[in-house]
Amino acid sequence: MSQTVPVDWLTKPDTACAYDAHNPPAMEWIDTCVHCGFCLPTCPTYVLWNQEMDSPRGRIYLMKMGAEGGAAMDEKFVSHFDRCLGCMACMPACPSGVEYGKLIEATRAQISRNYRRPFLDRLFRELIFKLFPHPARLRVLAFPLWLYQRSGLRWLLRRIGLIGLLPARLRALESLLPEIHLRTLSARLPQGVTPARKPIMRVGVMLGCVQRVFFGDVNAATIRVLAALGCEVVVPPEQGCCGGLAAHAGREPEAMDAARRLIEVFERAGVDVVAINSAGCGSTMKEYTHLLRDDPEFAERAKVMAAKCRDISELVAELGLEGALQPIRLKIAYHDPCHLQHAQGIRTQPPRLLTAIPGIELIELAESAICCGSAGVFNLLEPKTAGELADRKAEHVMRSGAQALVSANPGCLLHIASGLKRAGHPLPMYHVIEIIDAALGLCDAERRAALNLAGTSRASQD
Ligand code: SF4
Ligand code: SF4
């Protein structure tokens with residue numbers, strides 16, 4: 001592929017460097033891009049719009065222009081970086097090893113410090129960052145949201161078309177609300193579990209923010225599986241956010257504070273390994289070394305912490321699925337989250353674990369390397385693009401004939417489910433660890449029956 005740079009960018013008059021002196025996107029990484037274009041077909045925004053400046057190569061070029069005074073930090077400049085999903089699909093495709101993840105994070109931190117967004121945009125972003133990384137605040141909201149779902153108000157507002165009148169971002173927020181169950185809201189997780197035999201290792205479980213409030217079943221399954229595989233499990237109750245949402249949005253000080261607090265929590269817990277069941281949190285925590293590289297007190301501690309982090313599927317694959325796995329008759333479409341496959345390089349473990357379960361039929365989805373559009377809070381900030389990508393993914397899931405959707409990231413599950421609902425084809429959805437939990441016979445009979453039922457009911461429709 002040839003290098004293509006739009007003329008209007010080249011003819012732009014010289015301006016001052018768009019960045020301040022604090023960690024601008026590093027020229028040595030920018031200059032490793034040889035403009036070959038191998039990354040282009042992997043980039044969701046390039047796939048959608050076929051526009052150079054919304055491709056990885058174009059964005060890297062724009063970063064360079066920002067540094068060299070060829071582009072000012074204005075709305076147009078910022079829009080190309082806002083539209084990047086941070087999915088990292090461009091990284092494994094790159095033969096030159098361009099560190100795009102670090103470049104986009106540095107660029108976003110610059111934007112966050114040096115660009116003043118319009119008032120409503122700032123307000124919405126503040127709402128997101130004052131809410132989502134705070135499980136206690138989410139918990140306060142959960143009951144009114146449960147009432148909203150169960151009282152029929154949601155149904156009514158949809159029926160009379162009021163939801164459709166909301167601004168696009170609020171509509172996205174509403175449509176992505178997970179189904180809230182009082183049982184999960186009131187369930188309390190144990191702070192620790194000791195296996196019957198001598199433990200193989202002491203594992204700390206990372207609960208996640210949205211996950212611990214709305215996806216308690218996933219955390220409960222994680223704890224049961226680890227204990228069944230011989231680990232001593234510790235669940236520090238004081239743990240907070242990993243800082244992932246803030247880091248991906250360029251809110252560097254918030255991300256660093258969250259990382260420091262979490263490192264202290266797991267240091268106090270004295271764990272050998274930290275198990276993470278949300279791909280976005282996992283990829284952030286494995287990058288703590290980079291995030292805290294300039295902090296003399298935490299740089300070394302961040303390195304130690306990052307080395308202890310394991311995605312739950314990575315850890316279960318290391319431990320080995322012992323004991324008889326009970327059959328689950330289910331045709332599954334497995335969605336590979338970007339922050340697992342691209343950012344952490346974990347591709348083989350989840351499918352290997354799932355296909356080890358008798359009765360599971362795993363269907364490979366078309367365009368599996370392309371992001372579903374969830375991408376942290378991208379689906380709230382850029383709902384149109386995110387919705388197009390969700391619909392595209394939902395189409396592939398429907399074509400696959402799957403009876404259930406499985407992933408290793410709750411955000412992806414919710415987002416693809418919204419696409420499936422729009423298409424009138426809702427499917428049951430599960431985290432990989434919930435399937436393993438059921439196959440090991442650890443979950444309750446009701447949950448297991450629901451899994452097999454998902455298989456049978458769709459099978460009978462086929
Ligand atoms: S991170 Fe994803 S959206 Fe952004 S440039 Fe790379 S492939 Fe494209
Ligand atoms: S980022 Fe990598 S793959 Fe993409 S154009 Fe540059 S060198 Fe090629």
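The following refers to the structure shown. Remember, predicted model here, so these are calculated numbers, not experimental data.

1. With respect to helix 14 (residues 216-228)
Look at helix 14: 18 Å from first C-alpha to last across 13 residues, which is about the 18 Å you get at 1.5 Å a residue. Among the residues of helix 14, those classed as buried are G216, V218, N219, A220, A221, T222, I223, V225, L226 and A227. One or two positions beyond helix 14, positive phi appears at G230, with a value near 95°.

2. As for the pairing of strand 6 (residues 330-335)
Burial analysis of strand 6 places 5 of its 6 residues in the buried class, which makes it a mostly covered element. The sheet contact formed by strand 6 and strand 8 (residues 404-407) spans 4 bridges and is parallel. Its bridge partner lying in strand 8, I332 is registered against A404.

3. As for the pattern of salt bridges
Under the criterion given, the structure shown has 34 salt bridges. Salt-bridge contacts for R251 lead to E126; the nearest nitrogen and oxygen are separated by 3.1 Å. On the criterion of sequence distance, the pair formed by R251 in the loop between helix 15 (244-248) and helix 16 (252-269) and E126 in helix 8 (residues 119-131) is long-range, its members being 125 residues apart. Owing to a relative accessible area of 33%, E126 belongs among the partly exposed residues under this scheme. Through salt bridges with shared partners, a single network forms among D82, R117, D121, R125 and R169.

4. Here's the deal with the packing of aromatic side chains
Overall, the coordinates contain 2 aromatic pairs when judged by the stated rule. Relative to F81, the ring of F77 lies with its centre 5.1 Å away and its plane at 65°, an arrangement referred to as edge-to-face. Note that F77 and F81 are positioned in helix 5 (residues 75-82) at a spacing of 4 residues, about one turn of the helix.

5. Observations concerning unusual backbone geometry
One non-glycine residue, N23, lies in the positive phi region at around 45°. Tracing the backbone shows N23 in the loop between helix 1 (7-10) and helix 2 (27-30).

6. So, the site of ligand 2
For ligand 2, the set of nearby residues contains 13 residues, the closest of which are C33, C36, G37, C39 and C94. Residues that form the shell around ligand 2 fall into these classes: 9 nonpolar, 3 polar and 1 charged.

7. Observations regarding the site of ligand 1
The immediate surroundings of ligand 1 are formed by C43, P44, P56, R59, C84, L85, G86, C87, M88, C90 and Y100. Partitioned by chemical class, the residues of the shell around ligand 1 number 9 nonpolar, 1 polar and 1 charged.

8. Section: the sheet that holds strand 2 (residues 202-206)
With respect to topology, 5 strands assemble into an open sheet ordered 1-3-2-4-5, the strand pairing being mixed. A single partner strand is all that each edge strand has here, and the edge strands are strand 1 (192-193) and strand 5 (309-311). Packed on one face of the sheet, helix 20 (residues 312-319) meets strand 2, strand 4 (273-276) and strand 5 and runs near 90° to strand 5.

Cut-offs and rules
Residues numbered from 1 in each chain as written. Chains lettered and ligands numbered in written order. Predicted model: local features only at pLDDT ≥ 70, side-chain atom pairs only at ≥ 80, totals over all residues. Heavy atoms only, no water. Helix = DSSP H or I, 4+ residues; strand = E, 2+ residues; numbered from the N terminus. Expected span 1.5 Å × (residues − 1). Buried < 20%, exposed > 50% of the residue type's maximum accessible area, 1.4 Å probe, protein only. Pairing = 2+ DSSP bridges. Salt bridge = Lys/Arg side-chain N within 4 Å of Asp/Glu carboxyl O. Phe/Tyr/Trp six-rings, centres within 6.5 Å; stacked < 30°, edge-to-face > 60°. Near = heavy atom within 4 Å. Nonpolar A, V, L, I, M, F, W, Y, C, P; charged D, E, K, R; others polar. Contact = heavy atoms within 4.5 Å. Axes fitted to C-alpha atoms, helices over the stretch in contact; angles between N-to-C directions.

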